[in-house]
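# Descriptive analysis of the structure
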Amino acid sequence: MNSQMQASVPFYRDVKKLALIAQVVFLVVVVLLIALVINNINLGLKKQNLNFSFDFLNQTAGFQVAEGTAFGVPYDSSSDNYFKVVFVGLYNTLRVAVTGMILATVLGVLVGIGRLSSNWLVGRLALVYVEILRNTPVLVQLFVWYFVVILGLPAISKAQPILGVYLSNSGLATPWLVQKPDMPNFFPVTIIAVLIGLAVFAFFSNQRARTGKPTPAGWYAIAAWLLVQIIGFFALGQPLEYGAPVRGNFGVTGGLQVSPEFTALLIGLVVYTSSFIAEITRAGIQSVNKGQTEAARALGLGYSETLQLIILPQALRVMIPPLGNQYLNLTKNSSLAVAIGYSDVLNVLGTAGNQSGQNLQTFFIAGIVYLILSFTIAFLVNLYNSATRLRTR
Amino acid sequence: MTQPLKDLSAAPVAIQADHVNKYYGSFQALKDVSMQVKQGEVVVVIGPSGSGKSTFIRCINRLEEHQTGRIVVGGVELTNDVRNIDAIRKDVGMVFQSFNLFPHLTVLQNITIAPMRVKKLEKAAAEKVGMDLLERVGIPEQASKFPGQLSGGQQQRVAIARALAMQPKIMLFDEPTSALDPEMIKEVLDVMKELATSGITMMCVTHEMGFAREVADRIIFFDKGQVIEEATPDDFYNNPKTDRAKLFLSQILGH
């Protein structure tokens, strides 16, 4: 093989040059398409005499949001601007999405295990659950949960408290640690505590993998999380107090209040997503070689020990990537909040857009917000995935 | 080289099988299998593939369920009673053809998980047992690695250590060297030979004729779900009584 022979290949037969040409052509097409879209937007804006600016975010929002705060900072519609109200919506979205992901995972894994149960009734019930829920639209399910189930509960004046908890058609009210109004915001402490807990978990899991020494990383993480919360509580001068719900003439005050909209959206998203997670769990468990169960049982480990110590940890590796997809779906489906009047970020942005006439910008912001949320979830899932990768030669 | 025969006539019975039948649907995998293994005896089960030898060995610790007949292990009858099954599994260790190590646990964790969970051994004590066993099978330096980082021979030695960690009275081997590269077979057989001289009861399905000859007290020949022949290794290899055994031996020893 000499260089003269290589040089004699014409460019349209040279693999490397062909690949380069294809890339250049593709790039040109993409740039042209983007230019077309931008030009179109500009023309449209000019026709309606609008300009694409985000200055309106500094104006006073002036509309009420039914629930939520800007991450612990109370929102006042008469003085706070659009910028702040977006964060109230984002807070509400995150509240329902994060809670939803955790609950959907727990419920989905349980139903998935039930699907594989040798108990005929359990298996059938799980099958019916999965097939009904994943084969009907989530919007229909949300309507059922909201209008039929939640709004069908007794009125607050007739609701009987159970252990101080009120459940009525105006939602759930339960005793809780609540923020004192004139004290520093405790919410950032919770976020920092959770992040530190996750970091501790990552550190000790990694150490376990490196040294082979079994370390209770989960317990250390929980201890770190609690410790930071407690230190933060005292460092900020005890900004939380115990509050119990009290029934008044116009509903309940005090304690932790959960709106019927939040409840319906949470239940709807959890139940819907759990049916998919159940199938992912089933596939994950079935992907584990039967020999693993046999080896565990031959060693004398029981059914639940085998499942918990041997099968699920291995199934989880297969489950994580599709589980990540379900988390993304759940987060994006939370934008259906608008249908039952929950003040999530899209709902708030929609109102802001209608009121200010800056619909293009608000939808643009909505897109960016969901993009950032999705990328964050995907990043965390990938992080977990690579942390628990099987080690082979 | 044949070992001097152990005198097992006075030894108690470790495994007793009476008229065991097993079906997969309409296919009969085991036909009226009866046999007895004494404590401390090393029995090698051979036979062509599909002859039911693996099925039989897997019935002994209830990985497979037999339909009729009796199996008694260490004085406990194998019934649907969970307590009996658990008691038998505690006393019976098993080594599989495909190792079946737990890939998400380190080598040492693979060994300590059952003593800690089933026997409620303290972690330190379990790890001591685990390291001693790794020493015994010759790979203490691999303790903190994951199974996927080990060679096949090393993995199978870990699997043997894992089974021994429960201090079983009986060890079952289901073709322990069939999935190994030729140069790794010896290291596993050496561990098994050492084990055979330790006085533990062993039942081993294998195609390793040299091993069978060297360590077995008795050879049981299976074909089509039946026990065709039982004999000492010398008798079996030098003058097999049945035509089927003769044919089998000529085929595996002929090349």
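Please read all numbers here as calculations on a predicted model, not as lab measurements. All residue numbers here refer to positions counted from 1 along the written sequence of the relevant chain. Here every chain gets a letter starting at A, and every ligand a number starting at 1, in the order they are written. Side-chain atom pairs in this predicted model are given and counted only at pLDDT of 80 or more, local residue features only at pLDDT of at least 70, and totals for whole chains, interfaces and linings cover all residues. Side-chain measures were taken over the full set of non-hydrogen atoms in the model, leaving aside hydrogen atoms and water.

From N to C terminus, chain A includes 13 helices and seven strands. Taken along its principal axes, the extent of the C-alpha atoms in chain A is 95 × 75 × 50 Å. Only protein chains enter the area calculation, which uses a 1.4 Å probe; residues under 20% of their type maximum are buried, those over 50% are exposed, and those in between are partly exposed. Across the 393 residues of chain A, 39% fall into the buried class. Reported accessibility uses the Shrake-Rupley method at a 1.4 Å probe radius. Residues are deemed covered only where the shown protein chains occlude them. Carbon together with sulfur atoms contributes 68% to the accessible area of chain A, which is approximately 22,600 Å² in total. In this tally Asp and Glu are treated as negative and Lys and Arg as positive; neither His nor the chain ends contributes. Note that the charge is assigned to NZ on lysines, CZ on arginines, CG on aspartates and CD on glutamates. Here chain A contributes 24 positively and 13 negatively charged side chains, and the mean placements of these two sets differ by 15 Å. Where helices and strands are cited, they refer to DSSP runs of H or I of at least four residues and of E of at least two residues respectively, numbered from the N terminus.

What follows concerns the pattern of salt bridges. Residue and element names in this part refer to chain A. For this document, the term salt bridge refers to a Lys or Arg side-chain nitrogen within 4 Å of an Asp or Glu carboxyl oxygen. What the rule picks out here adds up to 24 salt bridges over all chains. Here Lys 17 makes a salt bridge to Asp 14, at a shortest N to O gap of 4.0 Å. Between Arg 134 and Glu 279 there is a salt bridge whose closest N-O contact spans 3.9 Å. Of this pair, Arg 134 sits in helix H4 (residues 120-134) while Glu 279 sits in helix H8 (residues 260-287); the two residues are 145 residues apart in sequence, bridging distant segments of the chain. Residue classification places Arg 134 among the partly exposed residues on the basis of a relative accessible area of 29%. Ionic contacts of the salt-bridge type, sharing partners, join the residues Arg 115, Glu 131, Arg 134, Glu 279 and Arg 282 into one network.

All names here are of chain B. One non-glycine residue with positive phi stands out, namely Phe 99, at about 60°. Overall, the relative accessible area of 12% leaves Phe 99 in the buried class. If you check the backbone angles, Glu 175 has positive phi at about 45° while not being a glycine. For Glu 175, the position within the fold is in the loop between strand E7 (170-174) and helix H6 (182-196).

Turning next to the sheet that holds strand E4 (residues 68-73) of chain B. All names here are of chain B. On the basis of which strands lie adjacent, the open sheet formed by four strands has the order E2-E1-E4-E5 and antiparallel pairing. In this open sheet, the two edge strands, each paired with only one partner strand, are strand E2 (27-38) and strand E5 (76-77). One ladder, built from five bridges, connects strand E1 (residues 13-24) with E4; its direction is antiparallel. By the bridge assignment, Asn 21 is partnered in E4 with Thr 68. Contacts are residue-level and defined by heavy atoms, with any inter-residue pair within 4.5 Å sufficient. Fitting a line to C-alpha atoms yields each axis, with helices limited to the stretch in contact; the angle taken between N-to-C directions then spans 0 to 180 degrees. Here helix H1 (residues 53-60) sits on the sheet and contacts E1, E2 and E4; the angle it forms with E2, its principal contact strand, is near 60°. Two strands pair under a simple rule: DSSP has to find at least two bridges between them.

Residue and element names in this part refer to chain B. Whenever a pair of cysteine sulfur atoms sits within 2.5 Å, that pair is classed as a disulfide. For the coordinates displayed, the defined rule picks out zero disulfides over all chains. Take Cys 59: it sits in no disulfide, and the sulfur closest to it among the cysteines is that of Cys 204, at 17 Å. A relative accessible area of 0% means that Cys 59 is categorised as buried. Residue Cys 204 is classed as buried on the basis of its relative accessible area, which comes to 0%.

A word on the environment of Lys 120 of chain B. Along the chain, Lys 120 of chain B falls in the loop between helix H3 (107-117) and helix H4 (123-136). Taking the C-alpha atoms as reference points, Lys 120 of chain B and Val 205 of chain B, separated by 85 residues in sequence, lie 31 Å from one another. Excluding residues within four positions of it along the chain, Lys 120 of chain B makes contact with Glu 305 of chain A together with Pro 115 of chain B.

What follows covers the side chain of Gln 154 of chain B. Mapped onto the secondary structure, Gln 154 of chain B falls in helix H5 (residues 152-164). The residues contacting Gln 154 of chain B, other than those within four sequence positions of it, are Ile 139, Gln 142 and Glu 187 of chain B.

By convention, a stacked pair of Phe, Tyr or Trp rings (six-membered ring in the case of Trp) has centres within 6.5 Å and planes under 30 degrees apart, an edge-to-face pair has planes over 60 apart, and any other such pair is tilted. Summed over all chains, the structure comprises 23 aromatic pairs over all chains. Pairing Phe 11 of chain A with Tyr 12 of chain A gives two aromatic rings, centres 5.7 Å apart and planes at 85°, and the pair type is edge-to-face. Residue class for Phe 11 of chain A comes out partly exposed when judged on its relative accessible area of 49%. Seen from their ring centres, Phe 83 of chain A and Phe 87 of chain A are 5.4 Å apart, and the 65° between their planes marks the pair as edge-to-face. Taken together, the residues Phe 83 of chain A and Phe 87 of chain A, both in helix H3 (residues 82-115) and four residues apart, mark about one turn of the helix. By relative accessible area, which is 46% here, Phe 83 of chain A ends up partly exposed. Sitting over the ring of Phe 102 of chain B, Arg 162 of chain B keeps its end group 4.5 Å from the ring centre. Either the NZ atom of lysine or the CZ atom of arginine qualifies as a charge over a ring when it sits within 6 Å of the ring centre and within 35 degrees of the ring normal.

Of all hydrophobic cores here, the largest spans 76 residues; its most connected members are Ile 310 of chain A together with Met 35, Phe 56 and Met 203 of chain B. Residues grouped as a nonpolar core are buried Ala, Val, Leu, Ile, Met, Phe, Trp, Tyr and Cys residues, joined through side-chain atoms within 4.5 Å. One finds Leu 134, Leu 164, Ile 200 and Ala 216 of chain B within the second-largest nonpolar core, a separate group that totals 49 residues.

This part is about the side chain of Gln 155 of chain B. Residue and element names in this part refer to chain B. By the element assignment, Gln 155 lies in helix H5. With a relative accessible area of 16%, Gln 155 lands in the buried category. What Gln 155 contacts, discounting residues up to four positions off in sequence, is Phe 99, Leu 101, Pro 147 and Leu 150.

The interface is formed by 31 residues belonging to chain B together with 25 residues belonging to chain A. By convention, the term buried area covers the 1.4 Å-probe accessible surface removed from two parts as they join, with the contributions of both added. Roughly 2,400 Å² of surface becomes buried between chain B and chain A when both sides are summed, with 60% attributable to carbon and sulfur atoms. Scanning the region where chain B abuts chain A turns up one salt bridge. For Glu 294 of chain A, the salt bridge is made with Arg 58 of chain B, and the minimal N-O distance between the two is 2.5 Å. Any pair of N or O atoms that falls within 3.5 Å is considered a polar contact. Within protein, one atom must be able to donate a hydrogen and the other to accept it, and sequence-neighbouring residues count only if both atoms are side-chain atoms. For the pair chain B and chain A, the number of links is four residue pairs in polar contact (both at pLDDT 80 or more).

The subject of this paragraph is a nonpolar patch on the surface. All names here are of chain A. Patch rule: a residue counts if its relative accessible area is over 30% and it has no salt bridge; like charges are joined within 9 Å, and nonpolar side chains (Val, Leu, Ile, Met, Phe, Trp, Tyr) within 5 Å. On the surface, a cluster of nonpolar side chains totalling about 1,100 Å² of accessible area is made up of Ile 191, Val 194, Leu 195, Leu 198, Trp 219, Tyr 220, Ile 222, Trp 225, Leu 226, Ile 230 and Phe 234. Going through the elements one at a time, helix H6 (187-211) and helix H7 (217-235) are the ones with two or more residues in the nonpolar patch. Per-element accounting of the nonpolar patch gives the leading share, seven residues, to H7. On the secondary structure map, Leu 195 appears in helix H6.

By a widely used convention, the size of an interface equals the accessible area lost when the partners come together. Reported domain spans reflect what an automatic or database domain assignment gives. Domains assigned within chain A are domain 1 (2-47) and domain 2 (55-140 + 264-388). Inter-centroid distance (C-alpha atoms) of domain 1 of chain A to domain 2 of chain A is 39 Å.

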